[in-house]
Amino acid sequence: MFASLVLVLAQAQIAPLMGFTTAHSVGQRALEAEFDRGLEKSDLPIWLKKLSAIPHHVGSPYGLQNAEYVRGLFESWGFDAKIERFEVLFPEPKTRLLEMGDFKAKLAEPQLSEDPTSAAPGGLPSYNAYSCDGDVTGKLVYVNYGIPKDYETLEQNGVSVKGRIVIARYGGSWRGIKPKVAAEHGAIGCLIYSDPRDDGYFQGDVYPKGPFRNDKGVQRGSVADMPLYPGDPSTPGYGSVPGVKRLDRKDVKTITKIPTLPISYGDALPLLKSLQGPVAPSEWRGGIPVTYKLGPGDQDVHLKVEFDWKIVEARDIIAKLPGSERPDEWVIRGNHHDAWVMGAQDPLSGAIALLEEAKGVGKLAAAGWKPKRTIVYCLWDGEEPGLLGSTEWVETHAEELSRKAVAYINSDTNGRGFFGAGGSHGLEKFVNEVSRDVIDPETKMTLAQRNKARQLTGTPASGHAEIRGQVDSPIGALGSGSDYSSFLQHAGIASLDLGFGGEDPGGIYHSTYDSFDWYSRFGDPKWEYGIALAQTAGRMMLRLANADVLPFEFTRLASTIGGYTEELPKLLDTMRVETEETNKLIDDGSLKAASDPTKPFFAPKKKDAVPFLNFAPLQNAVAKLKLAAAKYEASKASSSSSLDHILMSVERSMLGEGLPRRPWYRHEVYAPGFYTGYGVKTIPGVREAIEQRDWKEAQEQIALAAEALGRLSSTIEAAVNAAK
């Protein structure tokens with residue numbers, strides 16, 4: 001059948017794939033059709049039910065059982081599989097107390113008769129990992145999302161958080177930013193609650209009747225200051241292997257400075273109801289039936305958290321299928337397997353798709369096919385507390401990965417809806433090519449066609465012609481939040497993050513109700529999008545492993561970086577205008593009290609004038625980069641191991657010595673924001689220096705970013721020469 005399919009495709013004169021000759025493209029497409037036929041959605045519910053049967057956080061007994069089970073699956077499919085172990089710092093709660101007068105928070109998610117695993121023993125209670133220990137008492141202040149600009153609003157309304165406990169709602173930024181910013185403003189404790197406007201009854205029926213968060217559901221999660229560095233907080237920059245020297249806990253910078261605890265909106269209700277002071281701005285008001293006020297409250301709140309700071313074992317599963325021609329070039333695919341509790345959606349919806357994909361690849365190998373390059377499948381442990389397993393693996397194998405890693409493809413959660421991809425823009429054209437070859441299960445369009453339709457729906461008619469004229473759709477830049485971070489931003493390995501979603505409702509994220517029963521009813525009931533993810537990521541793995549020339553393309557990379565650099569002078573201009581206007585209003589006394597004339601109003605402080613910066617080095621570097629990218633696009637690259645190694649080093653050429661105050665992040669183009677966490681900052685050294693009004697540092701970072709783009713151009717020029 002395989003030979004006959006090759007003949008049919010050859011006669012059809014299908015356009016060649018990126019990185020493949022015309023003849024080899026025919027064979028590759030036939031291989032992918034055979035791969036598709038080997039995928040079986042009946043596997044997915046079996047694996048999901050087994051893997052999510054018992055809580056399996058990092059270091060747990062069932063986490064080990066899952067790791068051993070998955071290793072056995074890989075071995076049965078012909079992979080050389082092992083469990084690689086690390087010893088990581090992971091706090092588990094001993095004391096959680098929140099009270100106010102006669103009110104004592106329940107801090108519990110009750111068993112539901114409709115969901116049998118909601119009563120499974122061994123699960124972690126609701127808490128925030130890497131909060132510091134603390135026992136504090138103080139008045140309560142509502143800080144909205146708890147991001148820096150929210151504190152400007154509080155200041156303008158005469159509300160201080162100094163010596164007080166803040167309550168912030170989830171959203172607006174990564175959760176770890178909330179206690180970080182609160183501590184910077186003098187708060188002594190932080191509560192984070194899930195507002196029903198965002199993922200509760202405001203959105204629809206709550207679980208178990210519907211998919212949304214009920215009033216007892218709590219979002220667990222890490223609050224480590226991961227914008228400084230992810231991974232084991234006690235081993236920054238090096239692998240946490242047995243016997244390694246660790247930082248003393250008092251010297252760890254990523255543990256919060258104030259005690260922090262997540263709560264349900266049921267527990268948040270009496271706290272918010274007690275608040276006095278100015279009414280919150282309209283955009284700060286959620287879905288709880290109270291008048292949202294800023295505070296402070298009229299009663300003291302007592303918060304106490306205490307942890308067992310343990311060293312536990314993290315177990316990464318690493319499975320390899322050796323390459324037949326270039327075994328020292330690795331194409332790496334990953335998803336994590338640990339969860340806060342049951343983890344059916346996060347992460348197992350992505351993990352079971354990866355397993356089905358690997359099974360399909362194993363079937364091809366069993367039938368006699370061999371990849372040119374080595375394929376590596378990974379299931380990471382400890383992602384939830386802080387990307388522990390992936391980061392420690394990358395740090396431990398940094399030198400080897402620098403020589404061997406071609407690319408890393410990540411997934412995490414998966415659901416119904418639209419295909420989403422973010423990552424290295426040297427792979428943008430490649431992602432678009434694959435998305436034109438996979439059919440969306442619901443619409444029967446290609447993934448590319450469905451995403452194009454979505455773009456048109458969300459754009460005014462005046463912009464439709466431009467969208468229709470685009471051959472490729474842009475992919476987003478990556479900040480942080482999943483296991484790609486150490487590959488891309490620390491090791492400089494071209495990376496992608498993939499998944500489906502948009503029609504699968506949220507509401508059980510990081511709660512005990514993220515279960516098989518929830519996912520099989522609301523996540524992907526027909527198990528079709530697990531197969532779609534396997535088809536999509538599987539094609540990427542097979543093409544990267546088999547390509548005659550690695551399918552990188554740099555004109556989109558150059559134009560995207562050019563767009564990022566054009567934003568920087570505009571950001572400066574905007575800040576200059578805002579500063580001049582605000583200072584003028586302060587000078588002439590035009591700023592008056594807001595909604596409550598009985599409360600003191602504090603106008604913003606006058607700020608120094610915004611200077612002009614010299615962006616010429618960066619602009620010149622972008623011009624050179626665009627020329628180099630155009631030359632490579634025009635070259636007719638032929639297969640060679642030397643060209644492969646140059647192309648593999650393109651992403652690494654964008655690494656520098658490290659960003660200011662957080663040198664673990666070395667990529668000069670992509671990084672998580674210092675005050676956004678998951679959200680990306682592009683050209684981060686320059687952008688964040690401007691945002692922090694550090695003009696000297698901004699000019700220094702312009703020079704460093706220009707140097708990185710110069711290295712990038714030189715590497716692409718080297719690829720042009722090697723392709724001749």
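Here the structure is a predicted model, which means the values were calculated and not measured. (Residues numbered from 1 in each chain as written. Predicted model: local features only at pLDDT ≥ 70, side-chain atom pairs only at ≥ 80, totals over all residues. Heavy atoms only, no water.)

Asker: Please set out the pairing of strand β1 (residues 80-100) residue by residue, giving values where relevant.
Answerer: Pairing analysis gives 19 bridges linking β1 to strand β10 (residues 301-321), with the strands arranged antiparallel. Across the sheet, alanine 81 pairs through a bridge with alanine 319, a residue of β10. Of the strand pairs in this sheet, β1 and strand β2 (residues 103-104) are connected by two bridges, and their pairing is antiparallel. Bridged to methionine 100 within β2 is phenylalanine 103. Between β1 and β2, which follow one another and run antiparallel, lie two residues, and glycine 101 among them has a positive phi close to 60°. (Pairing = 2+ DSSP bridges. Helix = DSSP H or I, 4+ residues; strand = E, 2+ residues; numbered from the N terminus.)

Asker: Break down the side chain of arginine 333 for me, with residues and values.
Answerer: Along the chain, arginine 333 turns up in strand β11 (residues 326-336). Engagement of the side chain of arginine 333 in a polar contact is seen with the side chain of serine 411, the distance being 3.0 Å. Setting aside its immediate chain neighbours within four residues, arginine 333 contacts Leu354, Glu357, Val376, Tyr377, Cys378, Tyr408, Ile409, Asn410, Ser411, Leu533, Ala537 and Met541. (Polar contact = N/O pair within 3.5 Å; in protein donor to acceptor, adjacent residues only side chain to side chain. Contact = heavy atoms within 4.5 Å.)

Asker: Quick rundown of the sheet that holds strand β5 (residues 140-142)? Include the residues and the values.
Answerer: Strands sit in the order β5-β6-β7-β9 across an open sheet of four strands; the sheet is parallel. Each having just a single partner strand, β5 and β9 (260-263) make up the two edges of the open sheet. Taking the axes of each pair of neighbouring strands and ignoring which way they run, one obtains an average angle of 25° across the sheet. The pairing of β5 with strand β6 (residues 165-169) spans three bridges and is parallel. Residue valine 141 lies in a different strand from β6, and its bridge partner there is valine 166. (Axes fitted to C-alpha atoms, helices over the stretch in contact; angles between N-to-C directions.)

Asker: If you had to explain the packing of aromatic side chains to someone new, which residues and values would you point to?
Answerer: The tally for this structure, following the rule as stated, stands at 27 aromatic pairs. Aromatic side chains phenylalanine 79 and tyrosine 377 sit 5.7 Å apart centroid to centroid with 85° between the ring planes, which places their arrangement in the edge-to-face category. Remark: tyrosine 377 occurs in strand β12 (residues 373-380) and phenylalanine 79 occurs in the loop between α4 (61-76) and β1; sequence separation between them is 298 residues. Overall, phenylalanine 79 belongs to the buried group, its relative accessible area being 5%. Exposure remark for tyrosine 377: the relative accessible area of 0% places this residue in the buried category. (Phe/Tyr/Trp six-rings, centres within 6.5 Å; stacked < 30°, edge-to-face > 60°. Buried < 20%, exposed > 50% of the residue type's maximum accessible area, 1.4 Å probe, protein only.)

Asker: Could you give an account of the environment of phenylalanine 35, naming the residues involved and the relevant values?
Answerer: As for its placement among the helices and strands, phenylalanine 35 is situated in helix α2 (residues 22-37). For the pair phenylalanine 35 and leucine 228, spaced 193 residues apart in the sequence, the C-alpha separation amounts to 41 Å.

Asker: For the packing of helix α22 (residues 684-691) against helix α23 (residues 695-723), give the residues involved together with the corresponding values.
Answerer: Orientation of α22 relative to α23, taken along the N-to-C sense of each, is 170°, at an axis distance of 8 Å. Here α23 runs roughly antiparallel to α22, going by the angle between their axes. In terms of crossing hand, the pair formed by α22 and α23 is left-handed. Facing α22, whose interface residues are Gly685, Val686, Ala689 and Ile690, α23 presents Trp695, Glu697, Ala698, Gln701, Ile702 and Ala705. Of the residues assigned to the contact of α22 with α23, the class counts are seven nonpolar, two polar and one charged. (Parallel < 35°, antiparallel > 145°, perpendicular 65-115°, else oblique. Left-handed = near helix turned anticlockwise from the far one by under 90°. Nonpolar A, V, L, I, M, F, W, Y, C, P; charged D, E, K, R; others polar.)

Asker: For helix α17 (residues 516-523), give the residues involved together with the corresponding values.
Answerer: Within α17, burial applies to Phe516, Trp518, Tyr519, Phe522 and Gly523. The buried residues of α17 occupy one face: seen down the axis, they fall within an arc of 165°. Contacts from the buried residues of α17 go to α3 (43-51) and α9 (344-366). (Arc of directions from axis to C-beta.)

Function-wise, these values are silent; they only describe arrangement.
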